[in-house]
Amino acid sequence: MITAQQLNKQFGIGNQLVFREDASGLIVADFDNGYAEAKLCLQGAHLMMWRPKSQSVPVVWLSRDAKLAIGKSIRGGAPVCWPWFGAHATEPGFPGHGFARTVPWQVIESGTEPGGETRITLRLLGSEKTRPQWPHDSRLDLTVIVGEKLRMELITENTGNSDFVIGEALHTYFQVGDIGAVRISGLDNCDFWDKVGNTTLRKQSGAITFSGETDRVYVNTDAECVIEDDKLKRRIHVAKSGSRSTVVWTPWTEKANKMGDMGQPDGWREMVCVESGNAIENVVKVATGTRHALIVEFRAEQV
Ligand code: BG6
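Residues numbered from 1 in each chain as written. Predicted model: local features only at pLDDT ≥ 70, side-chain atom pairs only at ≥ 80, totals over all residues. Heavy atoms only, no water.

Caption draft 1: Local environment of the site of the ligand. The full set of residues close to the ligand is Arg75, Phe85, His97, Arg101, His171, Lys195, Asp215, Val247, Trp249, Lys255 and Glu275. Here an oxygen atom of the ligand sits 3.2 Å away from a polar atom, N or O, in the side chain of Arg75. With respect to the ligand, the side chain of His97 contributes an N or O atom lying 3.1 Å from an oxygen atom. When isolated, the ligand has an accessible area of 390 Å², and the protein chains bury 80% of it. (Near = heavy atom within 4 Å. Polar contact = N/O pair within 3.5 Å; in protein donor to acceptor, adjacent residues only side chain to side chain. Areas by Shrake-Rupley, 256 points an atom, 1.4 Å probe, with all protein chains shown as cover.)

Caption draft 2: Seen up close, the pairing of strand β1 (residues 17-21). For β1 and strand β2 (residues 27-32), the ladder comprises five bridges, and the chain directions are antiparallel. Among the inter-strand pairings, Glu21 is bridged to a residue of β2, identified as Ile27. Here β1 hands over to β2 after five residues, with Gly25 in that stretch at a positive phi of 95 degrees. (Pairing = 2+ DSSP bridges. Helix = DSSP H or I, 4+ residues; strand = E, 2+ residues; numbered from the N terminus.)

Caption draft 3: Local environment of the pairing of strand β17 (residues 225-229). For β17, the buried fraction is high: five of the five residues fall into the buried class. What you see with β17 is no split at all: Cys225, Ile227 and Asp229 on one side and Val226 and Glu228 on the other are buried throughout. The turn joining β17 and strand β18 (residues 234-241), which pair antiparallel and follow one another in sequence, is formed by four residues; a positive phi near 55 degrees is taken by Lys233. (Buried < 20%, exposed > 50% of the residue type's maximum accessible area, 1.4 Å probe, protein only.)

Caption draft 4: View of the packing of aromatic side chains. Enumeration according to the criterion identifies ten aromatic pairs in this entry. Put simply, the rings of Trp82, Trp84, Phe94, Phe99, Trp134 and Phe164 touch in pairs and so form one group of aromatic residues. (Phe/Tyr/Trp six-rings, centres within 6.5 Å; stacked < 30°, edge-to-face > 60°.)

Caption draft 5: The side chain of Asp178, seen in detail. Mapped onto the fold, Asp178 is located in the loop between β12 (173-175) and β13 (182-185). Within the local environment of Asp178, its side chain forms a polar contact with the backbone nitrogen of Gly180, the two atoms lying 2.9 Å apart. Other than its neighbours up to four places away in sequence, Asp178 contacts Lys231 and Arg269. (Contact = heavy atoms within 4.5 Å.)

Caption draft 6: Geometry of the pattern of salt bridges. For the structure shown, the criterion picks out 25 salt bridges. For Lys285, the salt bridge goes to Asp163, with nearest N and O atoms at 3.6 Å. Of the two residues, Lys285 is situated in strand β21 (residues 284-286) and Asp163 in the loop between β9 (150-158) and β10 (164-166); the sequence distance between them amounts to 122 residues. On the basis of relative accessibility, which here comes to 36%, the residue Asp163 falls in the partly exposed class. Overlapping salt bridges bring together Lys149, Arg151, Glu153 and Glu297 as one network. (Salt bridge = Lys/Arg side-chain N within 4 Å of Asp/Glu carboxyl O.)

Caption draft 7: Broad picture of the sheet that holds β9. Read across the open sheet, the eight strands follow the order β6-β7-β8-β9-β22-β18-β17-β13; overall the sheet is antiparallel. The sheet is open, and its two edges are formed by β6 (106-112) and β13, each paired on a single side. Pairs of neighbouring strands in the sheet enclose a mean axial angle of 15 degrees, with direction left out of account. Bridge count between β18 and strand β22 (residues 291-302): eight bridges; the pairing is antiparallel. Of the residues in β22, the one forming a bridge with Ala239 is Glu297. (Axes fitted to C-alpha atoms, helices over the stretch in contact; angles between N-to-C directions.)

Caption draft 8: Expanded view of the side chain of Lys240. In this fold, Lys240 is placed in strand β18. One buried charged residue, Lys240, remains without a salt bridge, the closest side chain of opposite sign being Asp222 at 5.9 Å. Polar contacts involving the side chain of Lys240 include one to the main-chain carbonyl oxygen of Thr221, which spans 2.9 Å. Within the structure, the side chain of Lys240 is placed 2.9 Å from the side chain of Ser243, a separation counted as a polar contact. Setting aside chain neighbours within four positions, we find Lys240 in contact with Thr221, Asp222, Ala223, Ser245, Thr246, Ser276, Ile295 and Val296. (Lys, Arg positive; Asp, Glu negative; His and termini not counted.)

Structure, rendered in structure tokens:
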């Protein structure tokens, strides 16, 4: 396995991009440039945190009880859900949200954008471990650009001889002042699958507010969402392309307590997930020899 030292030699960029080995043995890339700071774990290509320097509080949230461990997903940040979202359609034994978030990725490129933002690209190819769950030839690249905005591009390429279908999401946890003082706009009139209790199809009316467990897959929507946060007095804009589903999730007290890594006593109140992806009827067919790109861009403004 490649070491942090080797990665620094090949891909490090002064203080802007530094690789280090965490106590867990996993490698983390620390970004720090004129615009922002961020952290990304190579396992899962998992962006863990992003804070533009205009903000005193991170925009992408990491649980204070998040644990880094080999083969385990990290609570917070932006887990890459791929090649399926949620439970596998036919195999209950396969991991929820796919395997991409818990396996090692390779760094293939890094650099500085013309505006001074810092860029990294990681790649996931099939392996002996993933083939039983994904017997297709594919190349999955995640490019992350750390600046005053955060941009992530998840590119799925079908390098095999037959078409395949993927579900996916950039399952981003956003930091908020208090979940009870948050509204999410952009999804008015959208259909959504409500996953709390028996899954039912419903229609959104107005902005989303929170007063209990919320687990919804909004479908057939390209819309930009805005997280309006009265407590932190800021708005987070979540823009996307190549994505027809938006998932909105908060576990609330009971579920958060069962999860055990949301940050005691009530870390769950400081986050909301707004996930850009393709799920349920929006899964994507990637024909042999073609690519599909899921792109998100986040920015925060004080109001
Ligand atoms: C959301 C799902 O996307 O992720 C929820 O809609 C799920 O049902 C949540 O609980 C967290 O999933 P996990 O596997 O990271 O605990």
